[in-house]
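# Residue-level structural notes
The lines below spell out each chain.
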Amino acid sequence: MQSAKNILQPEHRALKTAVLVLDECNTLSFASAVDPMRAANRLADRPAFDWDYVTATAEPAMLTSALQVPGIPLARLQGCDLMIVVAGFQLARHATPSLLAGLRRIAGTGATMAGIDGGPWLLAEAGLLDGHPATTHWEDLESFASRFPDVEVRPDRFTVSDGRLTSGGAIPAVEMMLHIIAARHGAGFASRVSGLFLYDGAPDPGKPQSRTGVPHRHTALTAKANSLMQASLDDPLPLAHIADQLGTSPRTLQQQFRLRLNTTPQDHYLQLRLAEARRLVTDTDLPLMDVALATGFASQSSFARAFRTAHGQSARDLRQERAHPTHH
């Protein structure tokens, strides 16, 4: 089995992509994979993506909306750099020996494998997510985790690991595609693509899905605390002040964050600040000292330490990497 080629690095060559569309998938999930590629091609001065539709058999795929998508039968697909598996309902029926063998064959060529909605389930059935972080739709997370104990199941909107990407649903799939576009063509280009859809969120893989069941769900209390934190990233509020504002005790707040989000309020607050810091470093030209101040760090050195710990590289290196991508 060839090791997966890293598609998440700056490159001008069009990414050869196969979109495997299965019966009973949702139209929005299908469009979430395809439309960001189409938009990227429209904006780029050369094709950013070159894609084919692939189907499980020689028959067109029938979406839940009754749209039909004809494609190349999986058995006839030679290879690709990226395969995106889009599935929805009737997953057990789709997981035929020939489909799973086809997925393993394409993965064996070194292609990056991505799954949207029910797609991660089929990748897991083929044994292609063992040892990888992965997510699926929040309705299926618990059964997914119990069925595939060797998969590191997360409640995230989407996950990225070596040669594998998974998305919990249609809108996170847009974010996942923007993540690929940003890695290959830069954050500025990706933000122009998202602007075409009037989408102004940030593609943050670690953001949890909004409906994931205990213990990954905000309570009314932690959601309000989160909002207060988001509103004051530049001048972090003391925990006692947040608790006071919400009419509760710091101890209760600590318990709720630990119980529901498996973290402390302080660490949650720090992660919010560092996520914003990363956004400011990659998406703006603000001087790094201003980024530090805007995210509540009094000194450049404390900011630099925290940023490197959270993101694995310095803010300066990350900015240089975005400003001067190496083209292949």
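Residues numbered from 1 in each chain as written. Predicted model: local features only at pLDDT ≥ 70, side-chain atom pairs only at ≥ 80, totals over all residues. Heavy atoms only, no water.

### So, the overall build of the chain
Counting secondary structure elements, the chain contains 14 helices and eleven strands. Rg of the C-alpha trace for the chain: 21 Å, near the compact-globule value of 20 Å for 328 residues, within the 12% margin. Across its three principal axes, the chain shows a C-alpha extent of roughly 65 × 45 × 35 Å. By the burial criterion, 46% of the 328 residues in the chain qualify as buried. Summed over all atoms, the accessible surface of the chain reaches about 15,600 Å², with 52% contributed by carbon and sulfur. Between the mean site of the 31 positive side-chain charges and the mean site of the 32 negative ones, the chain shows a separation of 2 Å. (Helix = DSSP H or I, 4+ residues; strand = E, 2+ residues; numbered from the N terminus. Rg over C-alpha atoms; globule rule 2.2 N^0.38 Å. Buried < 20%, exposed > 50% of the residue type's maximum accessible area, 1.4 Å probe, protein only. Areas by Shrake-Rupley, 256 points an atom, 1.4 Å probe, with all protein chains shown as cover. Lys, Arg positive; Asp, Glu negative; His and termini not counted. Charge placed at Lys NZ, Arg CZ, Asp CG, Glu CD.)

### Quick look at the sheet that holds strand β11 (residues 164-167)
Spatial ordering of the open sheet is given by β5-β2-β1-β6-β7-β11-β10, a layout of seven strands whose pairing is mixed. Strands at the two margins of the open sheet, each flanked by one partner only, are β5 (72-73) and β10 (158-161). Bridging between strand β7 (residues 112-117) and β11 involves four bridges; their strand directions are parallel. Its bridge partner lying in β11, M113 is registered against R164. Strands β1 (15-21), β2 (49-55), β6 (82-87) and β7 of the sheet are contacted by helix α1 (residues 27-43), whose axis makes an angle of about 155 degrees with β2. Sheet strands in contact with helix α6 (residues 170-185) are β1, β2, β6, β7, β10 and β11, and its direction is about 150 degrees off that of β11. (Pairing = 2+ DSSP bridges. Contact = heavy atoms within 4.5 Å. Axes fitted to C-alpha atoms, helices over the stretch in contact; angles between N-to-C directions.)

### Observations concerning the pairing of β10
Bridge count for β10 against β11 is four bridges, and the pairing is antiparallel. Directly across from V160, in β11, lies its bridge partner L165.

### Re helix α7 (residues 187-196)
Within α7, burial applies to A187, F189, A190, V193 and S194. Seen along its axis, α7 keeps its buried residues to an arc of 160 degrees; they face one direction. Trailing α7 by a residue or two, L198 shows a phi angle of about 55 degrees, which is positive. (Arc of directions from axis to C-beta.)

### Quick word on unusual backbone geometry
Unlike most non-glycine residues, Q90 shows phi in positive territory, near 60 degrees. One can find Q90 in the loop between β6 and α2 (91-94). Positive phi outside glycine occurs at D117, with the angle close to 65 degrees. Within the secondary structure layout, D117 lies in strand β7. Under the relative-accessibility criterion, D117 is labelled buried at 10%.

### Observations regarding the side chain of T55
Mapped onto the elements, T55 comes out in strand β2. For T55, a relative accessible area of 1% puts it in the buried group. Ignoring sequence-local partners within four residues, the contact set of T55 consists of L20, V21, P60, A61, V69, P70, G71, I72, P73 and L74.

### Remarks on the packing of aromatic side chains
Tallied over the entire structure, the rule returns six aromatic pairs. Ring geometry for F144 against F148: centres 5.1 Å apart, planes inclined by 65 degrees, an arrangement best described as edge-to-face. As far as burial versus exposure is concerned, F144 and F148 are alike and both buried. Between F297 and F303, the aromatic rings sit 5.5 Å apart at their centres with planes inclined by 65 degrees, giving edge-to-face as the arrangement. Exposure remark for F297: the relative accessible area of 8% places this residue in the buried category. We classify F303 as buried; its relative accessible area is 1%. Pairwise contacts between aromatic rings join W121, F144 and F148 into one cluster. (Phe/Tyr/Trp six-rings, centres within 6.5 Å; stacked < 30°, edge-to-face > 60°.)

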